[in-house]
Amino acid sequence: MNFARQEIIDILKDDSQNNWLFELADKVRRENVGDKVHLRGLIEFSNICKCRCCYCGLRSPNKLIDRYRIEPDDIILYAKKAVEMGYKTIVLQSGEDEFYSRDVMCEIIKGIKELGCALTLSIGERSFEDYKAFKDCGADRYLIRIETTDRQLYKKMHPNMDFDNRVRCLKDLKKLGYEVGTGCLVGLPEQTLESLADDVLFFKEIDADMIGLGPFIAHPQTPLKDSANGNFILALKVMALTRILLKNINIPATTAMETLNPQGRVIALQSGANVVMPNVTLSDFSSKYEIYPDKCSLSDRGEVEKIIKSIGRSVSDDYGFRSR
Ligand code: SAM
């Protein structure tokens with residue numbers, strides 16, 4: 001099934017057909033990627049960031065956050081523990097922290113790839129040469145959300161950043177053979193339903209392999225502290241539409257969904273999602289990786305498996321690349 005732009009906008013506007021939409025997304029998920037849920041072990045290794053994204057608690061002007069950086073050898077140790085727990089993919093995420101130069105990242109990547117797992121990076125905007133070096137060392141996937149395709153809104157939300165460079169990153173990553181993940185925030189101030197429809201069409205146009213999206217959640221130490229949070233149902237609808245249009249991609253049930261709704265992750269898994277990313281550094285660092293308040297991170301793998309089984313699904317034991 002394919003939707004034109006106006007149909008997507010109409011679906012986003014009208015809540016009377018939500019059950020039909022979520023059931024259809026669940027069916028498309030089952031037919032294209034099956035009932036297995038891929039678990040990715042998430043390591044949030046630095047909350048130091050040179051950017052000033054107006055919504056994000058890690059933004060450099062936030063002086064109230066307790067900054068941390070995990071040493072390269074310790075990152076590899078966390079990855080080793082995660083692989084021993086059964087994770088087949090490690091996701092390394094951080095702020096844009098220049099301490100992790102090309103050479104430092106390459107050493108970390110090589111150390112993790114020796115563990116025999118798949119590796120996803122989510123460390124922001126880098127040069128083509130950096131992305132190439134990371135790929136040559138064995139990195140498999142890269143996540144970098146476009147955040148919004150509305151250029152004007154992008155500019156307002158990202159002082160000193162450039163929308164075209166963000167797109168350049170996505171294109172470079174595709175060219176280099178990564179599995180590429182992107183996504184958007186839902187509910188940013190001044191964001192329109194039209195621009196959300198454009199976001200979904202953008203995901204399709206660049207043939208994204210993974211889409212992570214979630215509601216915007218206001219952080220008290222940001223310029224958006226007085227803005228309303230995004231709407232859980234609207235974020236779920238954007239996710240369901242993404243599943244219906246892109247069919248066989250990987251879609252995580254994100255932490256932001258759970259933060260706004262206590263059942264958010266399960267509801268997302270039943271409305272198109274097929275990936276969960278438990279945090280493997282939670283006890284030591286996760287409370288400091290505060291991109292928004294009351295972040296509902298999951299860390300207990302056993303607990304996650306129980307939740308997945310309770311909805312009649314099971315945990316995948318393969319690497320979880322996009323199913324073609
Ligand atoms: N620095 C990397 C990058 O730019 O891709 C990854 C880290 S960044 C903190 C990860 C994601 O957190 C962003 O892509 C953004 O969508 C999300 N995020 C940040 N602040 C948020 C907020 N207030 N509410 C919801 N999501 C947020």
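For the structure itself, consult the block above.
Calculation rules
Residues numbered from 1 in each chain as written. Predicted model: local features only at pLDDT ≥ 70, side-chain atom pairs only at ≥ 80, totals over all residues. Heavy atoms only, no water. Helix = DSSP H or I, 4+ residues; strand = E, 2+ residues; numbered from the N terminus. Rg over C-alpha atoms; globule rule 2.2 N^0.38 Å. Buried < 20%, exposed > 50% of the residue type's maximum accessible area, 1.4 Å probe, protein only. Areas by Shrake-Rupley, 256 points an atom, 1.4 Å probe, with all protein chains shown as cover. Lys, Arg positive; Asp, Glu negative; His and termini not counted. Charge placed at Lys NZ, Arg CZ, Asp CG, Glu CD. Pairing = 2+ DSSP bridges. Near = heavy atom within 4 Å. Polar contact = N/O pair within 3.5 Å; in protein donor to acceptor, adjacent residues only side chain to side chain. Nonpolar A, V, L, I, M, F, W, Y, C, P; charged D, E, K, R; others polar. Right-handed = clockwise from strand over helix to strand, strands pointing away. Phe/Tyr/Trp six-rings, centres within 6.5 Å; stacked < 30°, edge-to-face > 60°. Lys NZ or Arg CZ within 6 Å of the ring centre and 35° of its normal. Contact = heavy atoms within 4.5 Å.

A. Focus on the overall build of the protein chain. Looking only at helices and strands, the protein chain features 13 helices and 10 strands. Since a compact globule built from 324 residues should have a radius of gyration of about 20 Å, the 18 Å found for the protein chain is in line with a globular shape. Overall size of the protein chain, expressed as C-alpha extent along the three principal axes, is 50 × 40 × 35 Å. When the 324 residues of the protein chain are sorted by exposure, 59% land in the buried category. When the accessible surface of the protein chain is summed, it comes to about 13,400 Å², and 49% of that surface belongs to carbon and sulfur atoms. For the protein chain, the separation between the mean place of its 46 positive charges and that of its 48 negative charges on side chains is 2 Å.

B. The arrangement of the pairing of strand β5 (residues 179–182) in detail. Residue alternation in β5 divides its side chains into two sets, E179 and G181 and V180 and T182, and both sets are buried. Here strand β4 (residues 141–143) pairs with β5 via 3 bridges, running parallel. Bridge pairing links L143 to G181 in β5. Bridging between β5 and strand β7 (residues 210–211) involves 2 bridges; their strand directions are parallel. Across the sheet, residue T182 finds its bridge partner in β7, namely I211.

C. Geometry of the environment of D73. Locating D73 in the fold gives a position in helix α3 (residues 72–85). Overall, the relative accessible area of 59% leaves D73 in the exposed class.

D. Structural detail: the site of the ligand. Neighbouring the ligand are 16 residues, the closest being Y55, S94, R145, E147 and I217. Between an oxygen atom of the ligand and a side-chain N or O atom of R166, the distance comes to 3.4 Å. Here the ligand has 570 Å² of accessible area as a free molecule, and 92% of this is covered by the chains. Among the residues making up the shell around the ligand, the classes are represented as 9 nonpolar, 4 polar and 3 charged.

E. Region of the structure containing the pairing of strand β2 (residues 89–94). Counting buried positions over the 6 residues of β2 gives 5, a clear majority of the element. With α3 bridging strand β1 (residues 36–46) and the parallel β2, this β-α-β connection has right-handed handedness. Sheet topology places β2 next to strand β3 (residues 118–122); 5 bridges connect them, and they run parallel. Within β3, the residue paired with L92 across the bridge is L121.

F. Just the packing of aromatic side chains, in detail. Scanning the model with the defined rule gives 6 aromatic pairs in all. Ring geometry for F3 against W20: centres 6.4 Å apart, planes inclined by 70 degrees, an arrangement best described as edge-to-face. Residue F3 is found in the segment before α1 (5–13), and its partner W20 is found in helix α2 (residues 18–33); the two are separated by 17 residues along the sequence. Assessed through its relative accessible area of 10%, F3 is described here as buried. A ring pair is formed by Y154 and F163, whose centres lie 5.4 Å apart and whose planes are at 75 degrees; its orientation type is edge-to-face. The residues Y154 and F163 share a single accessibility class, namely buried. Here a set of aromatic residues connected by ring pairs shows up, and it is made of F45, F99 and Y100. The ring of Y87 has R301 sitting right over it, with the charged end atom 4.6 Å from the ring centre.

G. Representation of the side chain of N248 within the structure. Examined against the element boundaries, N248 turns out to sit in the loop between α9 (232–246) and α10 (255–260). At 2.8 Å, the side chain of N248 and the backbone oxygen of S323 are in polar contact.

H. Highlighting the environment of N62. Within the element layout of this structure, N62 appears in the loop between β1 and α3. Of the residues examined, N62 reaches a relative accessible area of 5% and is grouped as buried. Through-space distance from the C-alpha of N62 to that of Q221 is 6.2 Å; in sequence the pair is 159 residues apart. Among all residues touching N62, those that are not within four sequence positions of it are G57, R67, H219 and Q221. Among the polar contacts made by the side chain of N62, one reaches the main-chain amide nitrogen of L64 at a distance of 3.0 Å.

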